[in-house]
Amino acid sequence: MTFRDDLRNLAIIAHVDHGKTTLVDAMLWQSGVFRSNERVAARVMDRMDLEREKGITIMAKNAAITYRGVKINIVDTPGHADFGGEVERILNMVDGVLLLVDAAEGPLPQTRFVLGKALAAGLPPIVVINKIDRPDRRIQEVLNEVYDLFIDLDATEEQLELPILYTNAKAGIALTDPEGSGTDLEPLFEAILTAVPPPRFDPVKPLQFLVTTLDYSDFVGRIAVGKVVSGQLRRGQEVLLVGGDRRTPARVSLVYTFNDLERQEGEVVQAGDIAAVAGIPSVFIGDTLTDPADPRPLPGIRVEEPTLAMIFSVNSSPLAGRDGKFLTSRHLRERLDKELRHNVSIRVEDAEGRDAFRVSARGELQLAVLVEMMRREGFELSISKPQVITRQSDAGLEEPMEQAVVDLPEEYVGIVTEKLGSRRGRMTRMINHGSGRVRLEFEVPSRGLIGFRSQFLTDTRGTGILHTLFVGYGPHAGPLAGRPNGVLVSDRAGRAVTYAIYHLQPRGVIFVNPGDPVYDGMIVGENSRADDMRVNITKEKKLTNMRAAGSDEALRLVPPRRFTLEQAMEYIAEDELVEVTPGAIRLRKRELGR
């Protein structure tokens, strides 16, 4: 075996919002990627608008820095389990992982998810405890929790002998002692060079390039990103594309390497490096590019199956076509096919009805991100309530189960335990740190968590934190109670009127503003009772020639409840749809006019 001492391949893994992308920013700055006077956006690795708005990483991204003559390929991975398909693939490209943990929150469900994948792949870890400047930091307790997590995940003795660093990513400081002082990230760079092994390869073996992710360019077409496991990859090289039963001769038109934040064209990429290739339109994730004279395909990439499905259909409401550019089933099909080209963790099938598609994914957030991206691209569509994907086994019907970790003030423990109990949740752990907040862990059916997040925030007055993680399949838990309240449904088309809204407010919570367009079958509010009620929200005050003192005073309206896309998906019942357009999110009955 030969080693590339001038190279390190590293993935940074963490739970959502623990500071992963901020740390990458600091590493880029201190390695000289940016000029001192250059204007650079915060969280420069988050390039999608949705990533900047939500503060989470959705798509894995590559960057490369140079430290003491060694090129360090850094892969910023998503922290949310819904995008775990990205994480599983990325771990095939790297030789070590940097696990980032918040100094106050400690390891959370997604930390467990990504770390479990990394340890199973035999990758050596570096542990970084971030946000050591937080006033509520618990550095020693968090370190003990990290060790407990490693032991729970059956880490080897070599993996347990790991370097531990303490960072303030915002200030760009890394320390080997939490009580010490420092000015830069040099201890972190040194730990990477020491703890992450250089890529190794057999110089006798022919070309082996494993395709890990896909990108697309309007100029060169599909771009395959992966690691050159052995051999050399040259521009213009004849290769054999091997994937499953497929064996297709192909020619590499362009070869890219990663330098700083950019892809740069090159002539040749040596074994051990991360590269991108263009010119092979039929390439897919998990395929191997190998030598036609001596083909040696690598094992394919296995991604866990989806657990949640939703029906995407053409927008059939009376307001269809007012906002969007792409309205037909042909447009929907083309867009979903395009998503399939680079997203291996979703599935698309034809649903019942000519204009509908069944889209399966790892979780609600992944589906919501896909719908939001389509909405911003100019699509109009209707989406159904998410449904869990069940399966039959020798033990009977099984359904997806999730671990729910709840962090909340002590006074709300009772109400949250009661609500999760009614959704077939079972408490497995309770930790009270004595700080006024309690951490609870539940095992809950996935369908029991649909619609729970908004209710949870209401019950805890916005002070609770909820994290979930898919843990496998379990016996079907039986029927669950539905939404406790019915809805107010408009019985005619028109525009909402202040006078009508004012007199409907005692009946429940209103979802529309005066002047908003409505139609027969559109949901305009939540009823205070359990049944649905058809209402006339377009009713105007009858005008007469009589005037009375005080009768025409301005009507005071309660601000309406507005839904985000995720909240709307959680809220609707089985017989309802969410109408999604570039300019609006509306709720409606599946069958209009009833």
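In what follows, the structure referred to is the one given above.
*Asks:* Before we move on, could you go through the pairing of strand 30 (residues 487-490) and cite the residues and values that matter?
*Replies:* Both faces of strand 30 are covered, namely the face carrying Val487 and Val489 and the face carrying Leu488 and Ser490. Here strand 30 pairs with strand 34 (residues 522-527) via three bridges, running antiparallel. By the bridge assignment, Leu488 is partnered in strand 34 with Gly525. Examined bridge by bridge, strand 30 and strand 35 (residues 533-535) share three bridges and lie parallel to one another.

*Asks:* Kindly report on the pattern of salt bridges, identifying the contributing residues and their values.
*Replies:* All told, the structure shown has 35 salt bridges when counted by the stated rule. Residues participating in the shared-partner salt-bridge network are Asp102, Lys131, Arg134 and Asp136.

*Asks:* If you had to explain the packing of aromatic side chains to someone new, which residues and values would you point to?
*Replies:* Counted under the stated rule, the structure contains six aromatic pairs. A ring pair is formed by Phe511 and Tyr571, whose centres lie 5.7 Å apart and whose planes are at 85 degrees; its orientation type is edge-to-face. Linking Phe511 in the loop between strand 32 (508-510) and strand 33 (517-518) with Tyr571 in helix 14 (residues 565-571), this pair joins segments that are 60 residues apart in sequence. Judged by centre distance (5.1 Å) and plane angle (45 degrees), the rings of Phe563 and Tyr571 are tilted. Grouped by ring-pair contacts, the aromatic residues Phe511, Phe563 and Tyr571 constitute a single cluster. For Arg391, the ring lying beneath its charged end belongs to Tyr473, and the centroid distance is 4.1 Å.

*Asks:* I'd like a description of helix 1 (residues 20-30), backed by residues and values.
*Replies:* The buried fraction of helix 1 is high, at eight of eleven residues. For helix 1, the full list of buried residues reads Lys20, Thr21, Leu23, Val24, Asp25, Ala26, Met27 and Leu28.

*Asks:* Can you explain the environment of Leu408? Please cite residues and give values.
*Replies:* Residue position: Leu408 is located in strand 26 (residues 396-409). Between the alpha carbons of Leu408 and Gly464 there is a distance of 4.4 Å; along the sequence they are 56 residues apart. Not counting the four nearest positions on each side in its chain, Leu408 is found in contact with Val413, Val416, Gly436, Arg437, Val438, Leu440, Thr460 and Gly464.

*Asks:* Residue-level account of the packing of helix 1 against helix 7 (residues 186-195), with values.
*Replies:* At a closest axis distance of 11 Å, the pairing of helix 1 and helix 7 adopts a crossing angle of 95 degrees. Classified by the angle their axes make, helix 1 and helix 7 are roughly perpendicular. Contact residues: Leu23, Met27 and Gln30 in helix 1; Leu188, Phe189 and Ile192 in helix 7. The class makeup of the residues in the contact of helix 1 with helix 7 is five nonpolar, one polar and no charged.

Conventions adopted
- Residues numbered from 1 in each chain as written.
- Predicted model: local features only at pLDDT ≥ 70, side-chain atom pairs only at ≥ 80, totals over all residues.
- Heavy atoms only, no water.
- Buried < 20%, exposed > 50% of the residue type's maximum accessible area, 1.4 Å probe, protein only.
- Helix = DSSP H or I, 4+ residues; strand = E, 2+ residues; numbered from the N terminus.
- Pairing = 2+ DSSP bridges.
- Salt bridge = Lys/Arg side-chain N within 4 Å of Asp/Glu carboxyl O.
- Phe/Tyr/Trp six-rings, centres within 6.5 Å; stacked < 30°, edge-to-face > 60°.
- Lys NZ or Arg CZ within 6 Å of the ring centre and 35° of its normal.
- Contact = heavy atoms within 4.5 Å.
- Axes fitted to C-alpha atoms, helices over the stretch in contact; angles between N-to-C directions.
- Parallel < 35°, antiparallel > 145°, perpendicular 65-115°, else oblique.
- Nonpolar A, V, L, I, M, F, W, Y, C, P; charged D, E, K, R; others polar.

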